[in-house]
Number of protein chains: 2
Amino acid sequence: MENKQISERVIERLPKYYRYLKDLSSSQIERVSSKTISTALNITASQVRQDLMHFGGFGQTGIGYDVEFLKSAMQEILGLNKRHTAIVIGGGRIGQALISYKGFADENVFVTAVFDVETEHLKTLSGVSVLNVSELENYLSLNKTDIAIISVQKEYAEQMAKRVISLGVKSIWNFAPIDLNFGDGVVCENINMSESLMRLIYKSSR
Amino acid sequence: MENKQISERVIERLPKYYRYLKDLSSSQIERVSSKTISTALNITASQVRQDLMHFGGFGQTGIGYDVEFLKSAMQEILGLNKRHTAIVIGGGRIGQALISYKGFADENVFVTAVFDVETEHLKTLSGVSVLNVSELENYLSLNKTDIAIISVQKEYAEQMAKRVISLGVKSIWNFAPIDLNFGDGVVCENINMSESLMRLIYKSSR
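The structure displayed is predicted, hence computed values, not measured ones.

Q: Even after reading the chapter, I still don't get the confidence of the model for chain A, so can you show me in this structure?
A: Low-confidence regions, as indicated by low pLDDT, have predicted coordinates that should not be scrutinised in detail. The predicted model of chain A has a mean per-residue pLDDT of 90, with 97% of residues at 70 or higher. As a predicted assembly, this complex carries a pTM of 0.84 together with an ipTM value of 0.89.

Set out below in structure tokens:
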């Protein structure tokens, strides 16, 4: 299947399609129409057809798309077939919630360690190494790590991100209330809760 | 100051401006140029000037914008001068992290209660009532609540949201891995962690 450049907008929608197709697959549904996808995801049917053409999912009039084929195609495009390791920087409430986040396994992501300046309160986490942040360099030199999840205070977020990047980490998932952006092949997703909450309050005041 | 309709795009940027102006204000900085804002927030200077015109913040060439004036104007537009009460539905790890989320007070939001089907593990949260989800109707009939924060499993998210909406809640902050949308004056912000993670992995695979 041709691997085309996919626009930012389509990338936004890709995870929605994938999750929906996974649900259909679990329910043993074999085919789905663009209309059904459209209704379920609140995206126009023509946009659905256009997007799915990118993934080689040429639907057939009357019988729709093959769920397994499309799901596998997206899984590969999304990079979910590759196992990714992740570390959590910052073991506060948010960090702890992230360590036990059930969605990681679904995306072939595995948290291997959590780092903090104070680690006593984190000792009982099974399967995840609890380490002092001073051991970061040593850990990363021994353990190839794909993703660093930043859940420290705003003041330390950038410095911690730069630290892990200098040690070879290429993906940053940032939960600190500050926008991080990097060049040179490092990708970053910012989950900005305070901005989301502000938008919620703003919209409700209209 | 004229209260114009502000486009979706500007709404996206509004929280970033506000947070930045708050930081400047804390540092006792009185004036700021569009160029400085531009560099700090990675938005073009002309876009900054255009956006700020919406908020009545007419900068003066050579001396820039008045930080306090702009900050106050945005605070009002964002609805942050009004106190908002919130309840958390779902006391799992994410719910617990949200209850102790420090960003609420900054936005004049106060969590008053958390609801779950099992409440023993939540008993020690100070200042926040811990209640069984069966008490939801009673609680909401006695306590005007602006925001319901949904942190339950995907399967229960929509039903819980509809339940609180039927009891008068107008804003939903949704952390469950499913997109929720409502009409009739109910606003919703979806924090979709699994989609964000998928985008991160996708971008890193390119």
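Q: What's the story with the side chain of E107 of chain A in this structure? I'm lost.
A: Position of E107 of chain A among the secondary structure elements: in the loop between α6 (103-106) and β4 (109-116). With residues up to four places along the chain from it excluded, the contact list for E107 of chain A reads L80 of chain A together with S194, L197, M198 and I201 of chain B.

Q: Hey, could you run me through empty space enclosed by the protein in this one?
A: A probe matching the size of a water molecule, rolled over the atoms, marks out where space remains unfilled. If you walk through the whole model with that rule in mind, you get 1 cavity of 30 Å³ or more. There is about 130 Å³ of room inside the largest cavity. Taken together, I94, A97, L98, F175, I191 and M193 of chain A together with I94, A97, L98, F175, I191 and M193 of chain B make up the lining of the largest cavity. Elements supplying a minimum of two residues to the lining of the largest cavity: α5 (93-99) of chain A together with α5 (93-99) of chain B. Grouping the constituent residues of the lining of the largest cavity by class yields 12 nonpolar, no polar and no charged.

Q: Can you help me understand the domain arrangement of chain A in this one?
A: The accessible area lost on association of the parts is a frequent measure of interface size. Annotation of chain A at the domain level lists domain 1 (8-78) and domain 2 (84-196). Inter-centroid distance (C-alpha atoms) of domain 1 of chain A to domain 2 of chain A is 32 Å.

Q: Just checking my understanding: could you explain helix α2 (residues 34-41) of chain B for this structure?
A: One turn of an α-helix holds 3.6 residues; hence residues three or four places apart share an orientation. Residue and element names in this part refer to chain B. Buried within α2 we find S34, I37, S38 and L41. Down the axis of α2, the smallest arc covering the buried residues is 105°, so these residues share one side. Counted as exposed and oriented over 90 degrees from the buried face of α2: K35 and T39. Structurally, α2 contributes buried residues whose contacts are with α1 (8-26), β1 (31-32), α3 (45-54) and β2 (65-66). Where α2 ends, the next residue or the one after it, N42, has phi of about 60°, a positive value.

Q: I keep staring at the relation of the copies chain B and chain A and nothing clicks. Help me out?
A: Comparison of the two chain copies shows a relationship of rotation about an axis with a shift along it. Placing chain B over chain A gives an RMSD of 0.0 Å and needs a rotation angle of 180°, together with 0.0 Å of translation along the axis. Overall, the copies show the geometry of a two-fold rotation axis. Judged by C-alpha distance, A97 of chain B is the residue of chain B that lies nearest the rotation axis, at 3.2 Å. Most of the interface of chain B is mirrored in chain A, where 98% of its interface residues are also at the interface.

The rules behind the values
- Residues numbered from 1 in each chain as written.
- Chains lettered and ligands numbered in written order.
- Predicted model: local features only at pLDDT ≥ 70, side-chain atom pairs only at ≥ 80, totals over all residues.
- Heavy atoms only, no water.
- pLDDT = per-residue confidence, 0-100.
- Helix = DSSP H or I, 4+ residues; strand = E, 2+ residues; numbered from the N terminus.
- Contact = heavy atoms within 4.5 Å.
- 1 Å grid on protein atoms, 1.4 Å probe; cavity = no way out; pocket = protein on both sides within 12 Å on 5 of 7 lines; lining within 4 Å.
- Points joined across faces, edges and corners; volume = space filled by probe spheres on them.
- Nonpolar A, V, L, I, M, F, W, Y, C, P; charged D, E, K, R; others polar.
- Domains from an automatic or database assignment.
- Buried < 20%, exposed > 50% of the residue type's maximum accessible area, 1.4 Å probe, protein only.
- Arc of directions from axis to C-beta.
- Least-squares fit on C-alpha atoms with pLDDT ≥ 70 in both.

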